[in-house]
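Survey of secondary and tertiary structure
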Amino acid sequence: MLLTTAACGGSDDSAEAAADYDPDAPVTLTVGTFGTMDFDNAGLYDEYMKLHPNVTIEQNNIAQSAAYYKSLQTRLAAGSGLDDIQALEIGFISDVVTNHSDAFVDWAAEDNADELEGNFYDWKWGQASTQDGATIALGTDAGPQAMCFRKDLFQQAGLPTDRAGVAGLWPTWDAYLETARQYKTTAGAAFLDSPASIFSSSVYQGDMAYNDEDGNPALEESDGVETAWGYASQAAEEGLTANLSQFGDEWNAAFSNGAFATIACPAWMLGYISSQMGEEGAGLWDIAPLPGSSESASNWGGSFLGVPKEGENVEAAKDLAEWLTAPEQQIKLFTETAHFPSSPPAAEDPQVKDAVDEYFSGAPTGQIFGQAADGIRRTPIGPYDTQIQEAFTTALTDIASSGTSPDDAFQDALKASEQAIGG
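Residues numbered from 1 in each chain as written. Predicted model: local features only at pLDDT ≥ 70, side-chain atom pairs only at ≥ 80, totals over all residues. Heavy atoms only, no water.

**Overview of the overall build of the protein**
Helix and strand counts for the protein stand at 21 helices and seven strands. The C-alpha radius of gyration of the protein comes to 22 Å, within 12% of the 22 Å expected for a compact globule of 423 residues. Taken along its principal axes, the extent of the C-alpha atoms in the protein is 70 × 50 × 35 Å. Within the protein, the proportion of its 423 residues that are buried is 53%. For the protein, the share of sequence-separated contacts (at least 6 apart) that also reach a separation of at least 24 residues comes to 75%. When the accessible surface of the protein is summed, it comes to about 17,900 Å², and 45% of that surface belongs to carbon and sulfur atoms. (Helix = DSSP H or I, 4+ residues; strand = E, 2+ residues; numbered from the N terminus. Rg over C-alpha atoms; globule rule 2.2 N^0.38 Å. Buried < 20%, exposed > 50% of the residue type's maximum accessible area, 1.4 Å probe, protein only. Contact = heavy atoms within 4.5 Å. Areas by Shrake-Rupley, 256 points an atom, 1.4 Å probe, with all protein chains shown as cover.)

**Observations concerning the packing of helix H11 (residues 195-202) against helix H20 (residues 385-402)**
At a minimum axis distance of 9 Å, the contact between H11 and H20 shows a crossing angle of 145°. Both H11 and H20 take part in a crossing whose hand is right-handed. In contact with Pro195, Ala196, Phe199 and Ser200 of H11, H20 contributes Gln389, Phe392, Thr393 and Leu396. When its residues are assigned to classes, the contact of H11 with H20 shows five nonpolar, three polar and no charged. (Axes fitted to C-alpha atoms, helices over the stretch in contact; angles between N-to-C directions. Left-handed = near helix turned anticlockwise from the far one by under 90°. Nonpolar A, V, L, I, M, F, W, Y, C, P; charged D, E, K, R; others polar.)

**Focus on the state of the cysteines**
Enumeration according to the criterion identifies one disulfide in this entry. The disulfide bridge from Cys148 ends at Cys265, spanning 2.2 Å between sulfur atoms. Given an S-S torsion of about 95°, the disulfide between Cys148 and Cys265 has right-handed geometry. Placement of the pair is Cys148 in strand S4 (residues 138-150) and Cys265 in strand S5 (residues 262-266), with a sequence separation of 117 residues. Residue Cys148 shares its accessibility class with Cys265, and that shared class is buried. (Disulfide = S-S within 2.5 Å.)

**Digging into the pairing of strand S1 (residues 27-34)**
For S1, the tally of buried residues reaches seven of eight residues, placing the bulk of the element in the interior. Relative to strand S2 (residues 55-62), S1 runs parallel, the two sharing eight bridges. Opposite Phe34, over in S2, you have Ile62 as the bridge partner. Note that the unit made of S1, helix H3 (residues 44-51) and S2 has a crossover that is right-handed. The pairing of S1 with strand S3 (residues 85-89) spans two bridges and is classified as parallel. The residue of S3 that forms the bridge with Gly32 is Gln86. (Pairing = 2+ DSSP bridges. Right-handed = clockwise from strand over helix to strand, strands pointing away.)

**Things to note about the packing of aromatic side chains**
For the structure shown, the criterion picks out 36 aromatic pairs. Between Trp268 and Trp300, the aromatic rings sit 5.1 Å apart at their centres with planes inclined by 75°, giving edge-to-face as the arrangement. Of this pair, Trp268 sits in the loop between S5 and helix H14 (269-277) while Trp300 sits in strand S7 (residues 299-306); the two residues are 32 residues apart in sequence, bridging distant segments of the chain. What makes Trp268 partly exposed here is its relative accessible area of 28%. Taking NZ or CZ as reference, Lys124 lies 4.0 Å from the ring centre of Phe304, over its face. (Phe/Tyr/Trp six-rings, centres within 6.5 Å; stacked < 30°, edge-to-face > 60°. Lys NZ or Arg CZ within 6 Å of the ring centre and 35° of its normal.)

Put into structure tokens, the structure is as follows:
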């Protein structure tokens, strides 16, 4: 660990701080966030300060998660400068669990640990837990995945456009690829945005993704990697994708120009699609389950809140972090800003479970993403998952754009992964 036990404070210090805690004393709490986590936009900070007039909340936001995490790593190494609450993105949670767990409050050691754990999907709680049972952060949102499709483009290609009919086209990834071939023949266009849509979603449907049970990279032993690579490399080699770089300018423009008909979409992607297409896109898109989800669902995204042990206001920060991540607040985040809950009690609430999205043709988003969340496996994650995924999606791009053979591209992905890991 980068912080020693002495640097983090012992149990006696923690007990003394808890004993001295006055919940009514004036306090200013800082919350470090990235991107659009939307606690402010959903009105949660204002509500908490109204309920607790002695509390002032100041949010310190950095737009890009990579820049945010670089800053957080610097502060963790220095043992100072941390906010009272620090947001942790799923792509970085394993690094924090593995290398910085001593710096954060252990929620599994709290008196109400059982109640807290019951607020979250077991896979969400597990993502923030160490091998010896400490849990260093509480979940905020989650990213259960489905498949978004363009109804107008499906109709032009002679494919079903109703939700149930579309779901029947692809119970498996093999069936999805066959539909993609049919679409390419009929429409003469790409069926999906990028090979990454297949790889990044299907890799987590295996028993293993990038790591073994100990969190160590095990790419050549992974059933998830093997299966996902097989499907994604077929799509890349056969020209079934538009081969766009996700989140690039061309990819953003392609939502409006009809360059692809389907895209793997976690719950948060709905807001991204609607922001790219605007009012003109209302009713063009709909949502069906992800291929293979009847056997195993997939998650992409989601964040956590951790409380640094050495903060000046640890007890007050714990109260706020618990409140922000409680089921009641996760429901509000969903209804106000469409962040899907990482909490089963929240997902089962009628405000979530019965939700529909009129922009996406009245799709029952609460049911679709709720069923996906229920089916997500607790797949081991590791500190280098983001870098490994980038290595594989880059190799898939080489297949589609340069004609690299799938076997050669796979070896390239392994080499790039080893370099990123430092092996």
